[in-house]
Amino acid sequence: MKRIFPVLLFLFVFASCKKDAVEPAAKPKPEPIVIEFGFRLNDYNVVHDTLKNGDTFGTLLEKENLGSYNVHVLNEKIQDSFDVRKMRFGKPYTLLRTKDKSHRLQAFIYQPDRTSYYVVDLRDSVVAYKKVRPITLKKRTIAMGLEGSLTESLQKQKVDPGFATEIARIYAWSIDFFKLQKEDRFAISFTERYINDSIYDGVERLDAAFIEYKGKRIYAFPFQQDTTSGKVDYYDEDGKVLKNMFLKAPLKFIHITSRFSRNRFHPVQQIWKAHNGTDYAAPTGTPIMTTAAGTVERTGYTAGNGNFVKVRHNGTYATQYLHMSKILVRQGQRVGQGDVIGRVGSTGLATGPHVCYRFWVNGRQVDPLSLKLPNSEPMPERFKPRYMKEIAPLKKTLDSVFEKRFGRN
């Protein structure tokens, strides 16, 4: 037992010493190299900021240590490459300065948008130039159900929510977006933009889509009949044009508050009477669009209608838009489908801001939501074979992604 004790003591002391030994210090990780605007930012004192009210190229540079440079002379040297008068409030700029105590300015970078920037390089001699970041286009196909609004649904799929406006424009003649339900589903193929292959910059274009609306799939495929004109129209899977003579509504994404009725209790007059229009509520100032091309037949004001515009489309159809806060067209003016003709208001007999949309067929006021409105000019038969060949792979991709997401119907 006496012999064992010294051995145990030795082992205990050895283990304690090993435990207390100072481990070698870990080597510091190297600073990651950051390359931006064509400069290695690690070599500079970097200042990122945005232009504030009153900031100019001159006022910004006068605060910097420019050495022998005179701001006025500097401005004259770069004016052919960079017009500093076009710098705008709220746009970002970057200063690259030396890392020593002098913090002498080496470069000034201004970004007018996400895809381009101007550089004023002061290192050796004064040089100014513009650079455009490379744009990469990537295709994507998604299938989704309606979660809230179309805008909210796209946001949940990490798609530019502004794309909802383009989809609504394409389907404006075939779908009433005021009536979309939770059970309505979508499949969309589109092309997105990326700056420097990594920074998301929104949707470039719609390549194909369908919306399951009231149990039916409504496809939309872009097609150029004349490949030299650049004009694109949208057609369904059979080559039928989506575009109708009339839009479904004079506003975008706003709810109906009162429908066409032969007997409605008037909220202002407090009596039962016919309501020969459809009321669309919207904030004051919202643009009001003419639902079809035509000629402004009349503009004016009455105690009941407030500020209004009436448009004659042809010998059969006419529309009227009431309660405007502002009229933007004149009598006799030619207007195209979707042109803004006024702003939402509450003039005349109105309890709040809205547009009352009225529709005439052969001089009789009718409910446009109950009509089967006429289509635009159909696709000529000679273009059908090329169209069907072009859409075949697009339709296959849409259907495949949708079935993978929701299963076969």
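Located above this text is the structure these notes cover.
These figures come from a predicted structure and were not determined experimentally.

1. Overview of the overall build of the protein chain
Right, so step 1: A count of helical and extended segments in the protein chain gives 6 helices and 24 strands.
Right, so step 2: The buried share among the 409 residues of the protein chain stands at 41%.
Right, so step 3: Nonlocal contacts in the protein chain, meaning residues at least 24 apart in sequence, comprise 61% of its contacts between residues at least 6 apart.

2. Quick word on the sheet that holds strand β11 (residues 216-223)
Right, so step 1: A sheet is described by the order of its strands in space; here 5 strands give the open sequence β8-β9-β10-β11-β12, paired in antiparallel fashion. Taken across any chain shown, the strands that pair with only one partner, and hence form the sheet edges, are β8 (135-145) and β12 (233-235). For this sheet, the mean angle separating the axes of adjacent strands, direction not counted, is 30°.
Right, so step 2: Sheet topology note: the strand β10 (residues 199-213)/β11 ladder contains 5 bridges and is antiparallel. Residue F210 lies in a different strand from β11, and its bridge partner there is Y219.
Right, so step 3: Across the sheet, helix α5 (residues 163-170) touches β9 (185-195), β10, β11 and β12, and the angle it forms with β10 is around 35°.
Right, so step 4: Its contacts with the sheet put helix α6 (residues 384-406) on β8, β9, β10, β11 and β12, and the angle it makes with β11 is roughly 135°.

3. Thoughts on the environment of Q181
Right, so step 1: As for its position among the elements, Q181 is in the loop between α5 and β9.
Right, so step 2: Considering only alpha carbons, one finds Q181 and G145, 36 residues apart in sequence, at a separation of 9.5 Å.

4. Here we look at the pattern of salt bridges
Side chains carrying opposite charge are able to pair once their charged atoms draw close together.
Right, so step 1: Going through the model one piece at a time under the given rule, you end up with 22 salt bridges.
Right, so step 2: Between R169 and E166 there is a salt bridge, and its shortest N-O distance comes to 2.7 Å. Highlighted residues: R169 and E166, both in helix α5, separated by 3 residues, approximately one helical turn.
Right, so step 3: Residue classification places E166 among the partly exposed positions, given a relative accessible area of 27%.
Right, so step 4: Between R185 and E212 there is a salt bridge; the shortest N-O distance is 3.1 Å. In this pair, R185 is assigned in strand β9 and E212 in strand β10, connecting sequence segments 27 residues apart. One exposure class covers both R185 and E212, and it is buried.

5. As for the pairing of strand β20 (residues 317-327)
Right, so step 1: With 8 of 11 residues buried, β20 is to be regarded as a mostly interior element.
Right, so step 2: By the bridge criterion, 5 bridges tie strand β19 (residues 306-312) to β20 in an arrangement that is antiparallel. The residue of β20 that forms the bridge with N307 is M324.
Right, so step 3: Between β19 and β20, which pair antiparallel and follow one another directly, the connecting turn spans 4 residues.
Right, so step 4: As paired strands, β20 and strand β23 (residues 354-361) are joined by 6 bridges and run antiparallel to one another. In the strand pairing of β23, Y317 is matched with V361.
Right, so step 5: The pairing of β20 with strand β22 (residues 340-344) spans 3 bridges and is antiparallel. By the bridge assignment, M324 is partnered in β22 with V344.

6. Quick word on helix α3 (residues 71-78)
Right, so step 1: Three or more residues of α3 are buried, namely V71, L74 and I78. Here the buried residues of α3 occupy an arc of 60° about the axis, which is enough to place them on one side.
Right, so step 2: Lining the buried residues of α3 we find α2 (57-62), β6 (116-121) and β7 (127-132).

7. Observations regarding the packing of aromatic side chains
Right, so step 1: Tallied over the full model, the rule gives 21 aromatic pairs.
Right, so step 2: Each ring, one from F39 and one from Y44, has its centre 6.0 Å from the other, and the planes form 80°; the classification is edge-to-face. Each member of the pair F39 and Y44 is classed as buried.
Right, so step 3: For the pair Y235 and Y387, a centre-to-centre distance of 5.8 Å together with 65° between the ring planes defines the contact as edge-to-face. Here Y235, found in strand β12, pairs with Y387, found in helix α6; they are 152 residues apart in sequence, far enough to count as distant.
Right, so step 4: A relative accessible area of 0% places Y387 in the buried class.
Right, so step 5: Lying across the ring of W360, K310 places its NZ or CZ 4.0 Å from the centre.

Each value, and the rule that gives it
- Residues numbered from 1 in each chain as written.
- Predicted model: local features only at pLDDT ≥ 70, side-chain atom pairs only at ≥ 80, totals over all residues.
- Heavy atoms only, no water.
- Helix = DSSP H or I, 4+ residues; strand = E, 2+ residues; numbered from the N terminus.
- Buried < 20%, exposed > 50% of the residue type's maximum accessible area, 1.4 Å probe, protein only.
- Contact = heavy atoms within 4.5 Å.
- Pairing = 2+ DSSP bridges.
- Axes fitted to C-alpha atoms, helices over the stretch in contact; angles between N-to-C directions.
- Salt bridge = Lys/Arg side-chain N within 4 Å of Asp/Glu carboxyl O.
- Arc of directions from axis to C-beta.
- Phe/Tyr/Trp six-rings, centres within 6.5 Å; stacked < 30°, edge-to-face > 60°.
- Lys NZ or Arg CZ within 6 Å of the ring centre and 35° of its normal.

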